[in-house]
Amino acid sequence: MLRFKILASVVPLLAAAVFARSEIGSVSHPCIALGDTSVELTSLFWTAGVHVAFTDDPTRATVRVQITDDADGADFAVVDDGLGSEPDSCQANPQTRLITIAAQPVDGGPVIYLSADGPADYRIYVRSKTFSQREAAALIVGAHDGHRPFQAASL
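Summarised in this report is the structure supplied together with it. (Residues numbered from 1 in each chain as written. Predicted model: local features only at pLDDT ≥ 70, side-chain atom pairs only at ≥ 80, totals over all residues. Heavy atoms only, no water.)

A closer look at the sheet that holds strand 6 (residues 97-102)
- Here 8 strands make up an open sheet; going across it, the order is 1-2-6-3-7-4-8-5 and the pairing mixed. In the strand order of this sheet, the two ends are held by strand 1 (31-34) and strand 5 (76-79), each with one partner. When strand polarity is set aside, the average angle formed by the axes of neighbouring strands in this sheet is 25 degrees.
- The pairing of strand 5 with strand 8 (residues 122-127) spans 4 bridges and is classified as parallel. Looking at the pairing, Ala 77 lines up with Tyr 125 of strand 8.
- Helix 2 (residues 133-143) contacts strand 1, strand 2 (37-41), strand 3 (50-55), strand 4 (63-67), strand 5, strand 6, strand 7 (111-115) and strand 8 of the sheet and is inclined by roughly 140 degrees relative to strand 8. (Pairing = 2+ DSSP bridges. Helix = DSSP H or I, 4+ residues; strand = E, 2+ residues; numbered from the N terminus. Axes fitted to C-alpha atoms, helices over the stretch in contact; angles between N-to-C directions. Contact = heavy atoms within 4.5 Å.)

Here is the structure:
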């Protein structure tokens, strides 16, 4: 009977370890590189340093992000479907900043209002097979720490 109890308690732990390892080792999360720092979306809520949320109410937003059809007028453009992608730009390193999208605002974290209309704090242009507009907005808001604007980012 004791062996069965031990087995019953170990199996869930092994399943959790396998799940966590597959999530952490996965490279399919949207990521951008800002100089020596990588900014990556993660589904592991507890590992993220920044938790962003989205709202449909512009009065609840702390950050407004406008979706634009003009790449030249955008603050942040994601076009990763061509031959010019940079596969090594988001190598995991100690400088990696992890971002997660939360269902509700967390501890005063940014609340994003995503719209095609202005005014906006950021303007984004997204034409991608791997990034959604929400993911691009989460990355740009999570990458900006409020003290210094970024100069350039790459995929």
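Some points on unusual backbone geometry
- Residues other than glycine seldom take positive phi values, yet Asp 107 does so here, at roughly 45 degrees.
- Among the secondary structure elements, Asp 107 is positioned in the loop between strand 6 and strand 7.
- Asp 107 gets classed as exposed once you look at its relative accessible area, which sits at 81%. (Buried < 20%, exposed > 50% of the residue type's maximum accessible area, 1.4 Å probe, protein only.)

A few points about the packing of aromatic side chains
- As enumerated under the stated definition, the model contains 0 aromatic pairs in all.
- The residue whose ring lies beneath Arg 134 is Phe 54, and the NZ or CZ to ring-centre distance is 4.1 Å. (Phe/Tyr/Trp six-rings, centres within 6.5 Å; stacked < 30°, edge-to-face > 60°. Lys NZ or Arg CZ within 6 Å of the ring centre and 35° of its normal.)

What about the nonpolar core?
- Ranked by internal contacts, the top residues of the largest apolar core, which has 25 residues, are Ile 32, Val 65, Ile 124 and Val 141.
- When contributions to this core are tallied by element, the ones reaching two or more residues are strand 1, strand 2, strand 3, strand 4, strand 5, strand 8 and helix 2.
- Counting residues per element, this core draws most heavily on helix 2, at 7 residues.
- Discounting chain neighbours no more than four positions away, the residues touching Val 65 are Ile 112, Tyr 113, Leu 114, Ser 115, Ala 120, Tyr 122, Ile 124, Ala 137 and Val 141. (Core = buried A, V, L, I, M, F, W, Y, C linked by side-chain atoms within 4.5 Å.)

Brief notes about the pairing of strand 4
- The buried fraction of strand 4 is high, at 4 of 5 residues.
- Where strand 4 and strand 7 come together, 4 bridges link them in parallel fashion. From the neighbouring strand, Gln 66 faces strand 7, where its bridge partner is Ser 115.
- Of the strand pairs in this sheet, strand 4 and strand 8 are connected by 3 bridges, and their pairing is parallel. In the sheet register, Gln 66 faces strand 8, and the bridge partner there is Arg 123.

Some points on the environment of Asp 75
- For Asp 75, the position within the fold is in the loop between strand 4 and strand 5.
- For Asp 75 and Arg 123, which are 48 residues apart along the polypeptide, the C-alpha to C-alpha distance reads 5.2 Å.

Here's the deal with the pattern of salt bridges
- By the definition in use, this model includes 2 salt bridges.
- Ionic pairing is found between Asp 69 and Arg 127, a salt bridge with its closest N-O pair at 3.3 Å. Taken together, the positions of Asp 69 in the loop between strand 4 and strand 5 and Arg 127 in strand 8 put the pair 58 residues apart, joining distant regions of the chain.
- Residue class for Asp 69 comes out exposed when judged on its relative accessible area of 65%.
- By relative accessible area, Arg 127 is classed as partly exposed at 34%.
- Between Arg 123 and Asp 75 there is a salt bridge, with the nearest N and O atoms lying 3.3 Å from each other. With Arg 123 in strand 8 and Asp 75 in the loop between strand 4 and strand 5, this residue pair connects regions lying 48 residues apart in the sequence.
- Residue classification places Arg 123 among the partly exposed residues on the basis of a relative accessible area of 32%. (Salt bridge = Lys/Arg side-chain N within 4 Å of Asp/Glu carboxyl O.)

Function cannot be read off these values alone, since they describe shape.
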